Amino acid sequence: MDRVSSFDEPLKKLLGGATAKVMAEHLDLHTVGDLLHHYPRRYEERGKLTALADLPLDEHVTVVAQVADARVLTFNNGRGKRLEVTLTDGSGRLQLVFFGHGVHKPHKELLPGRQAMFAGKVSVFNRKMQLAHPTYQLLDASDADEATEAVDAFAGRLLPIYPACKQLDSWRIAKAVDAVLPSARDAVDPLPASLREGRGFTPLPEALLKVHRPQTKADVEDAKARLKWDEAFVLQVALARRRYADTQLPAVARRPVADGLLDAFDAKLPFTLTEGQEKVSKEIFDDLATEHPMHRLLQGEVGSGKTMVALRAMLAVVDAGGQAAMLAPTEVLAQQHHRSITEMMGELAEGGMLGGSDRGTKVVLLTGSMGMAARRQALLDLVTGEAGIVIGTHALIEDKVQFHDLGLVVVDEQHRFGVEQRDALRSKGKQPPHLLVMTATPIPRTVAMTVFGDLETSVLDQLPAGRSPIASHVVPAKDKPHFLARAWERVREEVENGHQAYVVCPRIGDDAEEAEGKKGKTKKKAAEEDPEKRPPLAVLEIADELRRGALAGLGVEVLHGRMHPDEKDDVMRRFAAGDVHVLVATTVIEVGVNVPNATAMVIMDADRFGVSQLHQLRGRVGRGSAPGLCLLVSEAHEASPARARLSAVAATLDGFELSRIDLEQRREGDVLGQAQSGVRSSLRMLTVIDDEEVIAAAREEAVAVVAADPELEHLPELRTVLAALLDKDREEYLDKG
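Residues numbered from 1 in each chain as written. Predicted model: local features only at pLDDT ≥ 70, side-chain atom pairs only at ≥ 80, totals over all residues. Heavy atoms only, no water.

### A few points about the overall build of the protein
Spelled out, the test is: Helix and strand assignments come from DSSP, with helices taken as H or I runs of at least 4 residues and strands as E runs of at least 2, each series counted from the N terminus. Here the term buried applies to any residue with accessible area under 20% of the maximum for its type, exposed to any over 50%, and partly exposed to those in between, with areas from a 1.4 Å probe on protein chains only. Residue burial considers only the protein chains on display, and all accessible areas are found by Shrake-Rupley using a 1.4 Å probe.
Assigned secondary structure in the protein consists of 30 helices and 21 strands. Across the 737 residues in the protein, those meeting the buried criterion constitute 52%. Total accessible area on the protein is roughly 33100 Å²; 51% of this is exposed by carbon and sulfur atoms.

### Comments concerning the nonpolar core
It is characteristic of soluble globular proteins that their nonpolar side chains tend to be buried jointly. Quick reminder of the rule: For the purposes of this section, nonpolar cores are sets of buried Ala, Val, Leu, Ile, Met, Phe, Trp, Tyr and Cys residues that join through side-chain atoms within 4.5 Å.
Y502, V503, L559, V582, V584, I589 and I603 are the most contacted members of the largest nonpolar core, which totals 56 residues. Core analysis: the next-biggest nonpolar cluster, separate from the first, contains 40 residues, L261, A264, A313 and L315 among them.

### As for the packing of helix 9 (residues 204–212) against helix 10 (residues 217–248)
Short version of the rule: Angles shown run from 0 to 180 degrees and are taken between the N-to-C directions of axes, each axis being a line fitted to C-alpha atoms and, for helices, limited to the stretch in contact. Under this scheme an angle from 65 to 115 degrees is roughly perpendicular, one under 35 degrees roughly parallel, and one over 145 degrees roughly antiparallel; angles in between are oblique. Take the far helix as your reference; a near helix turned counterclockwise from it by less than a right angle gives a left-handed crossing, and one turned clockwise gives a right-handed crossing. Residues count as neighbours in contact if any of their non-hydrogen atoms are within 4.5 Å of one another. Throughout, the ten residues Ala, Val, Leu, Ile, Met, Phe, Trp, Tyr, Cys and Pro are labelled nonpolar, Asp, Glu, Lys and Arg are labelled charged, and all others, Gly among them, are labelled polar.
Two numbers describe how helix 9 lies on helix 10: the axes approach to 8 Å, and their chain directions differ by 125°. By the angle between their directions, the pair helix 9 and helix 10 is classed as oblique. Where helix 9 crosses over helix 10, the handedness of that crossing is left-handed. The segment helix 9 lies against helix 10, with L204, A207, L208, K210 and V211 engaging D219, D222, A223, R226, L227 and D230. Looking at the contact of helix 9 with helix 10 residue by residue, the class counts come to six nonpolar, no polar and five charged.

### Re the sheet that holds strand 17 (residues 500–504)
Selection rule: At least two DSSP bridges between two strands are needed for those strands to be called paired.
Sheet architecture is open: six strands sit in the order 16-21-20-17-19-18, paired in parallel fashion. Looking at the sheet topology across the chains shown, the edges are occupied by strand 16 (470–476) and strand 18 (556–559). With direction set aside, neighbouring strand axes in the sheet form an average angle of 20°. Packed onto the sheet, helix 22 (residues 565–576) meets strand 17, strand 18, strand 19 (582–585) and strand 20 (598–603) and runs at close to 140° relative to strand 18.

### Structural notes on the packing of aromatic side chains
Test applied: Centres within 6.5 Å are what make two rings of Phe, Tyr or Trp a pair, Trp counting through its six-membered ring; a difference in plane orientation under 30 degrees is then read as stacked, over 60 as edge-to-face, and the rest as tilted.
Per the stated rule, a full pass over the model turns up four aromatic pairs. Where F98 meets Y136, the ring centres are 6.4 Å apart and the plane angle is 80°; that geometry is what we call edge-to-face. On the criterion of sequence distance, the pair formed by F98 in strand 4 (residues 93–99) and Y136 in strand 7 (residues 135–138) is long-range, its members being 38 residues apart. Taken as a pair, F98 and Y136 share a single burial class, namely buried. Summarising the aromatic geometry, the rings of F118 and Y136 are spaced 6.1 Å apart at their centres and angled 40° between planes, so their arrangement reads as tilted. Of the two residues, F118 sits in strand 5 (residues 115–125) while Y136 sits in strand 7, which places them 18 residues apart along the sequence. The exposure class assigned to F118 is buried, which follows from its relative accessible area of 0%. You can call Y136 buried: its relative accessible area is 17%. Here the aromatic residues F98, F118 and Y136 are joined through ring pairs into a cluster of three or more.

### With respect to the sheet that holds strand 10 (residues 323–327)
Strand order in the open sheet formed by seven strands is 11-12-10-13-14-9-15, with parallel pairing between adjacent strands. Taken across any chain shown, the strands that pair with only one partner, and hence form the sheet edges, are strand 11 (362–366) and strand 15 (456–460). Ignoring strand direction, the axes of neighbouring strands in this sheet form an average angle of 20°. In this sheet, strand 12 (residues 387–392) lies alongside strand 11 in parallel orientation, the contact comprising five bridges. Looking at the pairing, L365 lines up with I391 of strand 12. In the packing of helix 14 (residues 331–345) onto the sheet, contacts are made with strand 10, strand 11, strand 12 and strand 13 (406–412), and the angle to strand 11 comes to roughly 170°. Lying on the sheet, helix 15 (residues 372–384) is in contact with strand 10, strand 11 and strand 12; it crosses strand 11 at an angle near 130°.

### What about the pattern of salt bridges?
Opposite charge on two side chains lets them pair, provided their charged atoms get close. We count it as follows: In the sections that follow, a salt bridge refers to a side-chain nitrogen of Lys or Arg positioned within 4 Å of a carboxyl oxygen of Asp or Glu.
Counted by the stated rule, this structure contains 34 salt bridges. Bridged by salt links that share partners, the residues R486, E489, R490, E493 and E494 form one connected network.

### Things to note about helix 23 (residues 611–618)
Since the α-helix turns once every 3.6 residues, residues separated by three or four places project in the same direction. Within helix 23, six of the eight residues are buried, which leaves the element mostly enclosed by the surrounding structure. Of the residues making up helix 23, those classed as buried are V611, L614, H615, Q616, L617 and R618.

### Topic: the environment of L455
By secondary structure assignment, the location of L455 is in the loop between helix 17 (445–451) and strand 15. Distance from L455 to L239, taken between C-alpha atoms, is 9.1 Å for residues 216 residues apart in sequence.

### Quick notes on the pairing of strand 4
The buried fraction of strand 4 amounts to five of the seven residues, a majority that puts the element mostly inside the structure. For strand 3 (residues 80–88) and strand 4, the ladder comprises seven bridges, and the chain directions are antiparallel. Looking at the pairing, V85 lines up with L96 of strand 4. Counted between consecutive antiparallel strands, the loop separating strand 3 from strand 4 contains four residues, among which G90 sits at a positive phi close to 90°. Examined bridge by bridge, strand 4 and strand 6 (residues 128–132) share three bridges and lie parallel to one another. Paired with Q95 across the two strands is Q130, which belongs to strand 6.

### Looking at the confidence of the model for the protein
Here is the rule: What pLDDT expresses is the predictor's confidence in each residue, scored from 0 to 100.
Residue-level pLDDT values for the protein average 81, and 83% of them are 70 or greater. Within the model, pLDDT remains below 50 along residues 512–531, and this stretch shows 11 contacts once partners closer than five positions in the same chain are excluded. Confidence drops under pLDDT 50 across residues 667–682; counting only partners more than four residues distant or on other chains, this segment forms 39 contacts.

### Here we look at the packing of helix 10 against helix 28 (residues 692–708)
Axis separation between helix 10 and helix 28 bottoms out at 8 Å; the angle between their running directions is 45°. As summarised for this structure, helix 10 and helix 28 are arranged oblique, according to the angle between their axes. The two elements helix 10 and helix 28 cross, and the hand of that crossing is right-handed. For the pair helix 10 and helix 28, the contacting residues are K228, W229, A232, F233, Q236, V237, A240, R241, R243 and Y244 in the first and V694, I695, A697, A698, R699, E701, A702, V703, V705 and V706 in the second. For the contact of helix 10 with helix 28, a count of residues per class yields 14 nonpolar, one polar and five charged.

### Some points on the pairing of strand 11
Quick note on the threshold: With the strands pointing away from the viewer, any crossover whose connection runs clockwise from the first strand over the helix to the second is right-handed.
Buried residues dominate strand 11, accounting for five of its five residues. Taken together, strand 11, helix 15 and strand 12 form a β-α-β motif whose crossover is right-handed.

### Considering the environment of D287
With respect to the helices and strands, the residue D287 is situated in helix 12 (residues 275–288). Here D287 falls in the buried class, since its relative accessible area comes to 17%. Filtering out sequence-adjacent residues up to four positions away, D287 remains in contact with H292, M294, R296 and H434.

### Some thoughts on unusual backbone geometry
When glycine is set aside, most residues are seen to have a negative phi, and most peptide bonds are trans. For D28, which is not glycine, the phi torsion reads 60° and is therefore positive. Its location among the elements puts D28 in the loop between helix 3 (17–27) and helix 4 (32–36).

### Considerations on the side chain of T361
Put simply, the test is: The definition of a polar contact used here is a pair of N or O atoms within 3.5 Å, where within protein one atom must be able to donate a hydrogen and the other to accept one, and adjacent residues in sequence count solely through side-chain atom pairs.
Inspection of the secondary structure puts T361 in the loop between helix 14 and strand 11. Under the relative-accessibility criterion, T361 is labelled buried at 7%. Of the polar contacts made by the side chain of T361, one reaches the backbone nitrogen of G388; its length is 2.9 Å.

In structure tokens, the structure reads:
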């Protein structure tokens, strides 16, 4: 069998159809190579019991423990049976429950004193930690000889615990790994020999054997060091090749012109730019003046003045004879940018119109829901060059849209757009336009090096003068209902003081969803027993409750993604004008909505949002001179990870600190989403937070390798591994470069 093909072998050939199907559907593992790169999450030492005292709530866990006692209880007048088993490990106790027909087998096998591995999701019932219907594997055989063999097989051995799912337990995954482990010797080694020897790395086949079946803890460390390095290096080579390809592209240098649009705009600004804005503007103008395309990421907290920096870059490009396009993720945001940019520019945004400045240009809006006539006019203004600036949504990427001379593309909130969409817009230029990507989600340095590794980074870290502090508090609605009542009183007080408020819900809610929920009383009953099972709170329901109850008499309106764009715009205008007191919305308000008079925000079911999303939402208040208030309402259990997340958000306003916490709590795979980098296999061993040195060193090596051999002609193994990492479109894109 040749070296590549054994890794490409489909799992169903080796493991059988049923197991392969579960692996494909639930763990995204399709080939032998995929399974060999599905590394253990941690290792248990044989005979050393897991600390039951430290079990995380709501997580799928595997524990090794001893049965302390087991008893069958009846309910429903003897018609129902429940087996309760208590486990112990010296650090704590854990209850298992089995119901109905599932009682018989465990009742015979789980006798006091038996030791076993158990897997299931940790929940709380009657204030006790429990696993309901866990799967288990006995570790002590009843036959004495077998028992000795079993102990010998495990003795001194580290038990790998794999990331598992409900349908497939860790030990079943371990058996499947045993079946494919011989293929590890066919692993294609991506590292150049000089680099591998220079850093003293374990050969790759050996690293794979050691990570799955380590004899000692040193084996695990050896394997991890090697596998982390591979992941970092291959990813950084892909990014270095992309950067190299970009430097080979020609671009038109766009230099600002004296006494042009930019100077006229600066002259009428009612404030001076912050030091940070000046510094970042200089970096951007230096890039725009070169003859290959700028690729820059502009990071800045909500309200740090990114739009101002981007607008000045756009004006400089218009001065130099080009056009600039700004791509926004939603219509609400595109309209908002269009409105604020035309307001900031004044008569300079009315080029060619009566009363417009002779130095001005036309600023047009292009969205999917525009009327035909307005759309036709906008398209005409772009193709003739009449419009120097266009602001739009995905509608800008369509084939019909043509530019006279596209010089700069500004992408707002990059995490909403994939690399492909960025490229589609860039292909609209006669030559590749310059690219500026903006994000208000603070990104730690290492993530910027991996997710946005093809971009240079600028950071705006000071807020403009006049921004107010925001106080944040967690409101435990379940434990302390009077806290929630007080939250609504606070909203009413803000409105009485002449301010406005947002209420954010995770879901829209409507009749179709209601009908869905009425399929029998069982769902409702389950939800009462376990709040996690109820659907998230909905905008339409909460708005009704507030109008009838806690906020009766105030102007309460709704805003969500299913409303007609004109309706959305109308509500936003009335809210901005102060005619609406309280806006009950989904996360459509997360980015870019700017109403300085809104001082309070109540986030319902706050635990259902991510850390950076909560931080983004909170950034909508405290934008004026009055202090902001953000209340995070949650029914989550006090000891749960969800509540810990909320407390972290309430404790700091530093977005970079929060993005670190967010990363530590999520799997890196979510961070390096496929849309971000075109990378198909997310990181499995590397953690972007802890492995800063590895990533930085790998980046340096990757840059050196690509500079010496951009096509990797002398490194066929590295090319092979890269091809597997990058999906075909990305590989073609890199080759085309």
